[in-house]
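Structure at a glance
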Amino acid sequence: MEALHRTSFLLGVPLLLLLLLLSVAATLADAKVHYHDFVVQATKVKRLCTTHNTITVNGQYPGPTLEVNDGDSLVVNVVNRARYNVTIHWHGIRQLRSGWADGPEFVTQCPIRPGGSYTYRFTIQGQEGTLWWHAHSSWLRATVYGALVIRPKEGASYPFAKPKRETPILLGEWWDANPIDVVREATRTGAAPNVSDAYTINGQPGDLYNCSSKDTVIVPIDSGETHLLRVINSALNQELFFAVANHRFTVVGADASYLKPFTTSVIMLGPGQTTDVLISGDQPPARYYMAARPYQSAQGAPFDNTTTTAILEYKSAPCPAKGISSKPVMPALPAFNDTATATAFTRSLRSPKKVDVPTVIDESLFFTVGLGLFNCPKNFHRSRCQGPNGTRFTASMNNFSFVFPSTFSILQAHKQGVPGVFTTDFPANPPVQFDYTGNVSRSLWQPVPATKVYKLKFGSRVQLVLQGTNIQTAENHPIHIHGYDFYILATGFGNFNSQTDTAKFNLVDPPMRNTVGVPVNGWAVIRFVADNPGAWLMHCHLDVHITWGLAMVFLVENGVGELQSLQPPPADLPPC
């Protein structure tokens, strides 16, 4: 009898193994590979009464929406038929072990030169919600961007009732000029770049701008139905408030992470951030404006103070009488400088349930983030020093203004052992401690230009305090880390105080994001586990600030074995 029992048990082992293999095979069978071709090219685009040769993907502005399920893979062949170098970044995608596909120019790859091509290959792993893709070379992302929608795995569902409709809402920024010329002129003069001429919703400025009304975007809704709006701030340099007249939002996700649902009449997004909101058709059938306008935290700095609109239109809305135009209802939007509303919104975000926040910390980091001014170099004509009092604008983290390499990417240099491209001595703390948000001594306004990275061992548990400074102009900085999501434990105003502010940490259900707004003259604390080897750019997502050097790179080492190591570089990685 005992022998019979042993035989049955041994027969059961291969059976269990077979069932496990069948389960894995079924999961893999559900996952799909999506192939896309992106042709980057100049396209005639008319906005604000003027036609420009605008850089687009596949002739579309904004570019194509990519739709996948969690677990799927994307293979995107990018062909550059424009006259500028280009790369594409898949904003918020973890890129686990596939850092060669992340996209920032001269960080993970050299650019795709005019006439060249590169195929980005990566798998979405454990992510659901709204992300986006955009150019990561100079200011091309002003027009080269699109939505990336990740639905649950086949057979799985949203953690909320399935909406009747879904619509990506891409908030953008438009210059009545070539954006590359705008940033090149600013780089030449050392002054702040010209501000944009319009904001856009899905590429259209809307009714409040010249020559724009006939193309205003219309978003349909039916009485009684629920609509999921996937809102993306793809503007280059501006945080934005967004609202729909007479309607409230139920916020359910941000940066492809679900949230504990809450209701609000307005949301605020920094560039790079996404927010998923449900809206119900619970108002009298009519036409209602959805609108976005700036949240401007930098006192005295010039900004585009216009408002972009689209129209939420009930299908059963009565047609206006012939010859009478029916103006949609306009939402009440916060004042441009309404930091209280921006703060109340961001502090309402919570994960749906208790999360596993790292509590034992291996790397406790403190980085200052802010602007600065370079004194005019002796060999520069004064026309090249048109910043305040004959200086040149700059920006820095921990007093180092990041200089992107120009001949080799950091990741390639790291893997091939090429010297002289970067150094590994980015400081864990500010080289000089000072009253960060007070009246800062002029001796601290000039950072040091350098290409420095901070090395992290695989599996390190990291706490990072991001401290805004009051140098030149204090403002809200949307800080994005490539290759990682992180928990936002707390934000606050003034100087971070480790003795008192740690009591404010949310270690139960903090939100998970890939881009955190560091409040104007304030701080934010984040935590993550360095479980993704590679070279990962961290930068302010106001592109004017990354142009000035508000960036650094985390170099995360390989762990043990293949599953904790960066994959080899692809054969078609663009040459340097």
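Below is a short write-up of the structure. (Residues numbered from 1 in each chain as written. Predicted model: local features only at pLDDT ≥ 70, side-chain atom pairs only at ≥ 80, totals over all residues. Heavy atoms only, no water.)

**Description of the overall build of the protein**
Along the protein, the regular secondary structure elements total five helices and 32 strands. Along the longest, intermediate and shortest principal axes, the C-alpha atoms of the protein span 95 × 70 × 55 Å. Taking all 576 residues of the protein together, 58% fall into the buried category. Put simply, 80% of the contacts in the protein that link residues at least 6 apart link residues at least 24 apart. (Helix = DSSP H or I, 4+ residues; strand = E, 2+ residues; numbered from the N terminus. Buried < 20%, exposed > 50% of the residue type's maximum accessible area, 1.4 Å probe, protein only. Contact = heavy atoms within 4.5 Å.)

**Observations concerning the nonpolar core**
By size, the foremost hydrophobic cluster in this structure holds 106 residues, and its most contacted members are Trp90, Tyr120, Phe367, Leu466, Ile479, Met538 and Phe554. If near-sequence neighbours (up to four positions away) are discounted, Leu466 is found in contact with Phe367, Val369, Ile479, Val516, Val518, Gly522, Trp523, Ala524 and Met538. The next biggest cluster of nonpolar side chains, apart from the first, holds 53 residues, and it includes Leu170, Tyr209, Val217 and Ile232. (Core = buried A, V, L, I, M, F, W, Y, C linked by side-chain atoms within 4.5 Å.)

**Here we look at helix 2 (residues 179-189)**
When helix 2 is considered as a whole, its buried residues turn out to be Pro179, Ile180, Val182, Val183, Ala186 and Thr189. Considering only its buried residues, helix 2 is in contact with strand 21 (392-397) and helix 5 (543-548). Where helix 2 begins, the capping side chain belongs to Asn178, and its oxygen is found 2.9 Å from the backbone nitrogen of Ile180. With its phi angle positive at about 80°, Gly190 sits one or two positions after the end of helix 2. (Polar contact = N/O pair within 3.5 Å; in protein donor to acceptor, adjacent residues only side chain to side chain.)

**Focus: the environment of Pro205**
With respect to the secondary-structure elements, Pro205 resides in the loop between strand 10 (198-201) and strand 11 (218-221). For Pro205, a relative accessible area of 0% gives the class buried. Distance from Pro205 to Thr306, taken between C-alpha atoms, is 9.7 Å for residues 101 residues apart in sequence. What Pro205 contacts, discounting residues up to four positions off in sequence, is Arg47, Leu48, Ala198, Tyr199, Thr200, Ser212, Thr308 and Thr309.

**Some remarks on the pattern of salt bridges**
Scanning all chains against the criterion turns up 21 salt bridges. The salt bridge partner of Asp276 is Arg230, with a shortest N-O separation of 3.8 Å. Here the residue Asp276 occupies a position in strand 17 (residues 274-280), and Arg230 occupies one in strand 12 (residues 226-233), the gap between them amounting to 46 residues. One exposure class covers both Asp276 and Arg230, and it is buried. Here Arg350 makes a salt bridge to Asp509, at a shortest N to O gap of 3.7 Å. In this pair, Arg350 is assigned in the loop between helix 3 (339-346) and strand 20 (363-374) and Asp509 in the loop between strand 27 (486-493) and strand 28 (512-513), connecting sequence segments 159 residues apart. Given the relative accessible area of 11%, Asp509 is considered buried. One network of salt bridges, with partners in common, ties together Glu67, Arg151, Glu166, Arg230 and Asp276. (Salt bridge = Lys/Arg side-chain N within 4 Å of Asp/Glu carboxyl O.)

**A word on the packing of aromatic side chains**
The geometry of an aromatic ring pair comes down to the distance between the two centres and the angle between the two planes. For the coordinates displayed, the defined rule picks out 28 aromatic pairs. Arranged with centres 5.6 Å apart and planes meeting at 40°, the rings of Phe366 and Tyr436 form a pair that is tilted. Separated by 70 residues along the polypeptide, Phe366 in strand 20 and Tyr436 in the loop between helix 4 (410-416) and strand 23 (448-450) bring together distant segments of the chain. Of the two residues examined, Phe366 and Tyr436, each falls in the buried class. Pairing Phe496 with Trp523 gives two aromatic rings, centres 5.0 Å apart and planes at 75°, and the pair type is edge-to-face. With Phe496 in the loop between strand 27 and strand 28 and Trp523 in strand 30 (residues 522-529), this residue pair connects regions lying 27 residues apart in the sequence. Its relative accessible area of 13% is what places Phe496 among the buried residues. An aromatic cluster is defined as three or more aromatic residues linked by ring pairs; in this entry it consists of Phe367, Phe426, Tyr454, Tyr484, Phe528, Trp536 and Phe554. (Phe/Tyr/Trp six-rings, centres within 6.5 Å; stacked < 30°, edge-to-face > 60°.)

**Describing unusual backbone geometry**
For the peptide bond that leads from Tyr61 to Pro62, omega is -10°, which places it in the cis range. Look at Asn398: it is not a glycine, yet its phi comes out positive at around 50°. Its place among the elements puts Asn398 in the loop between strand 21 and strand 22 (400-402). Residue Asn398 is classed as buried on the basis of its relative accessible area of 1%.

**Structural notes on the state of the cysteines**
Formally, a disulfide is one covalent bond, and it connects the sulfur atom of one cysteine to the sulfur atom of another. This model, assessed by the stated rule, comprises three disulfides. Put simply, Cys110 and Cys576 are joined by a disulfide, and their sulfur atoms are 1.9 Å apart. Because the torsion about its S-S bond is 90°, the bridge between Cys110 and Cys576 counts as right-handed. Of this pair, Cys110 sits in the loop between strand 5 (88-91) and strand 6 (117-123) while Cys576 sits in the segment after strand 32 (551-556), and the two are 466 residues apart along the sequence. (Disulfide = S-S within 2.5 Å.)

**Some thoughts on the sheet that holds strand 3 (residues 66-69)**
An order of 3-8-7-5 is seen for the four strands of this open sheet, with the pairing classed as mixed. One side of each edge strand has no neighbouring strand; the edge strands of this open sheet are strand 3 and strand 5. For this sheet, the mean inter-axis angle between neighbouring strands, taken without regard to orientation, is 20°. In this sheet, strand 8 (residues 145-151) lies alongside strand 7 (residues 129-135) in antiparallel orientation, the contact comprising six bridges. Looking at strand 8, one finds that Gly129 is bridged to Ile150. (Pairing = 2+ DSSP bridges. Axes fitted to C-alpha atoms, helices over the stretch in contact; angles between N-to-C directions.)

**Thoughts on the sheet that holds strand 4 (residues 73-80)**
Strand order across the open sheet formed by four strands is 2-1-4-6, with mixed pairing between neighbours. Whereas interior strands pair on both sides, the edge strands pair on one side only; in this sheet they are strand 2 (50-57) and strand 6. Taking the axes of each pair of neighbouring strands and ignoring which way they run, one obtains an average angle of 20° across the sheet. Here strand 1 (residues 33-47) pairs with strand 2 via eight bridges, running antiparallel.

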